[in-house]
Amino acid sequence: MSTLAVVLAVTAGSLAFRLVPLLGLVAVPERAARVARGAGVAAMTAMVVRGVLEHRDPGVPGAGWIAVAAVAVGLAAAIRGRSLSVVLLWGLASYGVLASAVRLLT
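What you see is a predicted model; the values in this text were computed from it and never measured.

Cut-offs applied
Residues numbered from 1 in each chain as written. Predicted model: local features only at pLDDT ≥ 70, side-chain atom pairs only at ≥ 80, totals over all residues. Heavy atoms only, no water. Patch = residues over 30% accessible without salt bridge, like charges linked within 9 Å, V, L, I, M, F, W, Y side chains within 5 Å. Areas by Shrake-Rupley, 256 points an atom, 1.4 Å probe, with all protein chains shown as cover. Salt bridge = Lys/Arg side-chain N within 4 Å of Asp/Glu carboxyl O. Buried < 20%, exposed > 50% of the residue type's maximum accessible area, 1.4 Å probe, protein only. Helix = DSSP H or I, 4+ residues; strand = E, 2+ residues; numbered from the N terminus. Polar contact = N/O pair within 3.5 Å; in protein donor to acceptor, adjacent residues only side chain to side chain. Contact = heavy atoms within 4.5 Å. Domains from an automatic or database assignment. Expected span 1.5 Å × (residues − 1). Arc of directions from axis to C-beta.

Novice: What is the right way to read a nonpolar patch on the surface from this model?
Specialist: Residues Leu15, Leu19, Leu22 and Leu23 make up a contiguous nonpolar surface patch of about 440 Å² in total accessible area. The exposure class of Leu19 is partly exposed, given its relative accessible area of 38%.

Novice: Help me understand the side chain of Ser94 in this model?
Specialist: With respect to the element layout, Ser94 can be found in helix α4 (residues 84-105). In terms of polar contacts, Ser94 uses its side chain to reach the backbone carbonyl oxygen of Gly91, at 2.9 Å. Here Ser94 is in contact with Ala70 and Val73, once residues within four sequence places are set aside.

Novice: How should the pattern of salt bridges be read in this particular structure?
Specialist: Note on pairing: side chains with opposite charge can pair once their charged atoms come close. For the structure on display, the rule yields two salt bridges. When the shortest N-O distance is used, the salt bridge between Arg50 and Glu54 registers 3.3 Å. Take Arg50: its relative accessible area is 38%, and that puts it in the partly exposed class. Between Asp57 and Arg103 there is a salt bridge, and its shortest N-O distance comes to 3.9 Å. With Asp57 in the loop between α2 (30-53) and α3 (63-79) and Arg103 in helix α4, the pair connects residues that are 46 residues apart, well separated along the chain. Of the residues examined, Asp57 reaches a relative accessible area of 26% and is grouped as partly exposed.

Novice: Hey, could you run me through the domain arrangement of the chain in this one?
Specialist: Interface size is commonly expressed as the accessible surface area that is lost when the partners come together. Here the chain is partitioned into domain 1 (1-39) and domain 2 (55-106). For domain 1 versus domain 2, the distance between C-alpha centres works out to 31 Å.

Novice: Would you mind going over α3 with me for this structure?
Specialist: In an α-helix, one turn spans 3.6 residues, which is why side chains three or four residues apart end up on the same side. Taking 1.5 Å of rise per residue, the 17 residues of α3 would be expected to cover 24 Å, and the 24 Å separating its terminal C-alpha atoms lies within 8% of that figure. Contacts from the buried residues of α3 go to α2 and α4. One or two positions beyond α3, positive phi appears at Gly81, with a value near 85°.

Novice: Which parts of the structure should I look at to understand α4?
Specialist: End to end, α4 covers 32 Å across 22 residues, agreeing with the expected 32 Å (1.5 Å per residue, within 8%). Looking only at α4, the buried set comprises Val87, Gly91, Ser94, Tyr95 and Ala99. The arc enclosing the buried residues of α4, seen along the axis, measures out at 125°, which places them on a common side. Residues of α4 that are exposed and point over 90 degrees away from its buried face: Ser85, Leu89, Leu92, Val97 and Leu104.

Structure, rendered in structure tokens:
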């Protein structure tokens, strides 16, 4: 439930920061925009870390470590400046390949 609350709060804040200037009400100060950007990144990072730490897949031995490796591959793609869809694709593909290899080897 707390994850849902964070997602909803970040979504509402992001929407407000985009709508307020468009409606001509006020300009968002640069410092507030910078803080909001950091809050969004922190919330996303927390969700990824929690998801990896709590990852369980009974059909794959060592699924937690495979999830860590998949996140590392996605992080490498992000550091190289790839788009979000490419980062997700690389992470998902690496998880699928590693999980399949582990299943075949065990």
